[in-house]
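# Survey of secondary and tertiary structure
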Amino acid sequence: MASLIGVASSPFPTQTSHLLPSRSNSISSLIQLKRDSGRRLLLLPVNCSSRQVEDAQTESEPKVVASNTSADSSISAYSWCAALGGIGFLETSYLTYLKLTNSEAFCPVGDGGSCGDILNSSYSAVFGIPLPLIGMIAYGVVAVLGIQLGQKSMPLGIGEANGRLVLLGTSTSMAATSAYFLYILSTKFTGEFCPYCLASVLLSFGLFISSVKGLGFQEVQKDVGIQLLTVLLVVSTLNNSYNVSQPTNTSSAMAELEYFTTEITSESTPFAISLAKHLRSVGAKMYGAFWCSHCQEQKQMFGREAAKLLDYVECFPDGFKKGTYMANACQEAKLEGFPSWFINGEVLSGEKNLSELAELSGFDMKEFTEAK
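Not measured: the values here are computed from a predicted model.

### Quick notes on the packing of aromatic side chains
How two aromatic rings sit relative to each other is given by the distance of their centres and the angle of their planes. For the structure shown, the criterion picks out 10 aromatic pairs. Geometrically, the ring pair formed by Tyr 259 and Phe 290 is edge-to-face, given 5.2 Å between the ring centres and 65° between the ring planes. Taken as a pair, Tyr 259 in the loop between helix H10 (249-252) and helix H11 (270-281) and Phe 290 in the loop between strand S3 (285-288) and helix H12 (293-302) lie far apart in primary sequence, 31 residues in all. Here Phe 290 falls in the buried class, since its relative accessible area comes to 2%. A ring pair is formed by Phe 316 and Phe 338, whose centres lie 6.4 Å apart and whose planes are at 80°; its orientation type is edge-to-face. Of this pair, Phe 316 sits in the loop between strand S4 (312-314) and helix H14 (328-333) while Phe 338 sits in the loop between H14 and strand S5 (340-343), and the two are 22 residues apart along the sequence. The ring of Tyr 312 has Lys 299 lying over it, and the distance from NZ or CZ to the ring centre is 3.7 Å.

### Some points on the pattern of salt bridges
This structure, assessed with the given rule, holds 1 salt bridge. A salt bridge links Arg 304 to Glu 267; the shortest N-O distance between them is 2.6 Å. With Arg 304 in helix H13 (residues 304-309) and Glu 267 in the loop between H10 and H11, the pair connects residues that are 37 residues apart, well separated along the chain. Judged by its relative accessible area of 28%, Arg 304 falls in the partly exposed class. Overall, the relative accessible area of 53% leaves Glu 267 in the exposed class.

### A closer look at a nonpolar patch on the surface
Together, Ile 137, Val 141 and Val 166 make up an exposed nonpolar region whose accessible area comes to about 230 Å². Topologically, Val 141 is positioned in helix H5 (residues 131-150).

### A word on the environment of Val 234
Take Val 234: it is sitting in helix H9 (residues 224-245). When the C-alpha positions of Val 234 and Met 174 are compared, they lie 8.8 Å apart, and in sequence the two are 60 residues distant. With sequence-adjacent residues up to four places away left out, Val 234 is seen in contact with Ser 173, Ala 176 and Thr 177.

Rules and cut-offs
- Residues numbered from 1 in each chain as written.
- Predicted model: local features only at pLDDT ≥ 70, side-chain atom pairs only at ≥ 80, totals over all residues.
- Heavy atoms only, no water.
- Phe/Tyr/Trp six-rings, centres within 6.5 Å; stacked < 30°, edge-to-face > 60°.
- Helix = DSSP H or I, 4+ residues; strand = E, 2+ residues; numbered from the N terminus.
- Buried < 20%, exposed > 50% of the residue type's maximum accessible area, 1.4 Å probe, protein only.
- Lys NZ or Arg CZ within 6 Å of the ring centre and 35° of its normal.
- Salt bridge = Lys/Arg side-chain N within 4 Å of Asp/Glu carboxyl O.
- Patch = residues over 30% accessible without salt bridge, like charges linked within 9 Å, V, L, I, M, F, W, Y side chains within 5 Å.
- Areas by Shrake-Rupley, 256 points an atom, 1.4 Å probe, with all protein chains shown as cover.
- Contact = heavy atoms within 4.5 Å.

As structure tokens, this is what we get:
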């Protein structure tokens, strides 16, 4: 009995106890397994949480890179706007100087005649305002906006979003104007070449593309209606301006004519000579065309000597042909017909009697009578 108890209570397992474990040992093993598994389950949330943090950090890194890339793209687009606007400003400043001083343009290709014919045509002004001057202002605005948007500092408290819209609207109007003039060049000036005009077209379209890139295509789509309205407004304004400045229907229906002069055969009276001197002294001018019969009749009223004393402006000094328009001085005077007189700041159309011209210009008949 004692030996049996000793074997059962022996601290060392025997071969029999190893092969056939007791029920208490099995229960204790299950309890230990549950404890181990419970500990492992408690560790699982910690591991998942760590992975989520790492995944969140990994996903956030590409978003930062994408944002920086977009910012760099915007800055690059506005830099292009500033550069192209600066080049356009220099070009239009040169053309504005030529227009205001009536100087001949330097044409790098050809004989130079094409540049002068196009730049001095009726299409070179909008309602009397030189087109290069308008372009110079537009290019200057675009250049300033490009610099300010690139530096993220807008003047006069204008927000960045509003600055982008102003840039888009300005470049859209410039591109529409360039497209309109490209059509004019191809239809009204066939066979002629104007490098300044083509350079302005390229600059305008380059500015439009750069402004669209800077604002973003999705944002541009939201303002398509405003852009279409801008294009319609530009085209309508140009059409109305050029319908007013075109030569009269009688001249447009004429065949090609070379410039010629008509001899004045009548003798001048002392009154006509004195009146002609007076008209010149007060700044009066007579506008006419070499093919205009009424202009010749007006000169015949003054006579040969007095007609030479008048300040006469020929509106077609190079003859008349398709694509040739009135001289700049005649366009700026906004003539309605020939002949026309400019007296005391007023344009008067049609032939005028000498006595009528004397009254309009303030010629003192008493002094003339006493001097006689």
